[in-house]
Amino acid sequence: MGLLGGIRFDSLQDLYLNQLQDLYDAEKRILAALPKMADAAASSDLRQAFTEHQRQTQEHITRLEQIFRQMGREPKRETCEGIKGILDEGDELINAEGDNMVRDAALIAAAQRVEHYEIAAYGTVRSLAQRLNQPEAVSLLQQTLNEEGDTDKMLTRIAESHVNREARAA
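### Comments concerning the overall build of the chain
Right, so step 1: Helix and strand counts for the chain stand at 5 helices and 0 strands.
Right, so step 2: Seen in sequence order, the chain has helices and strands lined up from the N terminus as α-α-α-α-α.
Right, so step 3: Whereas a compact globule of 170 residues would reach a radius of gyration of roughly 15 Å, the chain reaches 17 Å, a difference of no more than 12%.
Right, so step 4: Projected onto its principal axes, the C-alpha coordinates of the chain cover approximately 55 × 35 × 20 Å.

This is the structure we're talking about:
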């Protein structure tokens, strides 16, 4: 969304389309960031989690493209300033020096910020799709929302099972 305005919402459909475009941009940016996060991870299970989420993120993009097609529209990106900022912070962590497990704990924190942003965004757009009587879109968005929640829980498990403990010992 433009910081200086320029967006006009005359209907809930306008807002819905804008939010889909924002999510589409976010997912594309996340897809580009995940390989860097996987490369930076010292823990093999964290590296695997990032690699698996990269595959899932491609599926999320495909689902969004399917929703755009159902609407008779070409997929289009609206710059997602929120995810840009979160990913910029993540880049700083990727390039940080120090103990590997502490860095992995930082990568998990950054990844969970991304997941929480996506959970909020997908929950909102799914609710808009419900209100606009778009059952196919609701189903696709709910699938992605469930996967984002699962990824968040997996990151918590990795952190709590060993990364945070090992980071504390550093």
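Here the narrative resumes.
### Regarding the environment of L155
Right, so step 1: Position of L155 among the secondary structure elements: in helix 5 (residues 135-169).
Right, so step 2: When its relative accessible area of 2% is taken as the criterion, L155 is described as buried.
Right, so step 3: In the structure, L155 is positioned 142 residues away from Q13 in sequence and 34 Å away in space, judged by C-alpha atoms.
Right, so step 4: If we skip the residues at most four places from it in the chain, L155 touches L46, F50, I108, A111, Q112 and E115.

### Side note on helix 5
Right, so step 1: A rise of 1.5 Å per residue sets the reference length of helix 5, with its 35 residues, at 51 Å; its end C-alpha atoms lie 50 Å apart and thus fit the reference within 8%.
Right, so step 2: In helix 5, a bend of some 50° at E160 exceeds every other bend along the element.

### What to know about the packing of helix 1 (residues 12-40) against helix 2 (residues 44-70)
Right, so step 1: Helix 2 packs onto helix 1 with a crossing angle of 155° between their chain directions and a minimal axis gap of 9 Å. As the angle between them shows, helix 1 and helix 2 are arranged roughly antiparallel. Between helix 1 and helix 2 the crossing geometry is left-handed.

### Some details on the nonpolar core
Side chains of a nonpolar character, in soluble globular proteins, are inclined to be buried together.
Right, so step 1: L46, F50, I83, L107 and I108 are the most contacted members of the largest nonpolar core, which has 26 residues in total.
Right, so step 2: Taken together, the elements giving at least two residues each to this core come down to helix 1, helix 2, helix 3 (81-94), helix 4 (100-131) and helix 5.
Right, so step 3: Looking at this core, the element that brings in the most residues is helix 1, giving 7 residues.
Right, so step 4: Counting residues in each nonpolar core, the second largest holds 20 residues, with L17, V125, L128 and L141 among its members.

Procedures and definitions
Residues numbered from 1 in each chain as written. Predicted model: local features only at pLDDT ≥ 70, side-chain atom pairs only at ≥ 80, totals over all residues. Heavy atoms only, no water. Helix = DSSP H or I, 4+ residues; strand = E, 2+ residues; numbered from the N terminus. Rg over C-alpha atoms; globule rule 2.2 N^0.38 Å. Buried < 20%, exposed > 50% of the residue type's maximum accessible area, 1.4 Å probe, protein only. Contact = heavy atoms within 4.5 Å. Expected span 1.5 Å × (residues − 1). Bend = angle between axes of the 7 residues up to and from the residue. Axes fitted to C-alpha atoms, helices over the stretch in contact; angles between N-to-C directions. Parallel < 35°, antiparallel > 145°, perpendicular 65-115°, else oblique. Left-handed = near helix turned anticlockwise from the far one by under 90°. Core = buried A, V, L, I, M, F, W, Y, C linked by side-chain atoms within 4.5 Å.

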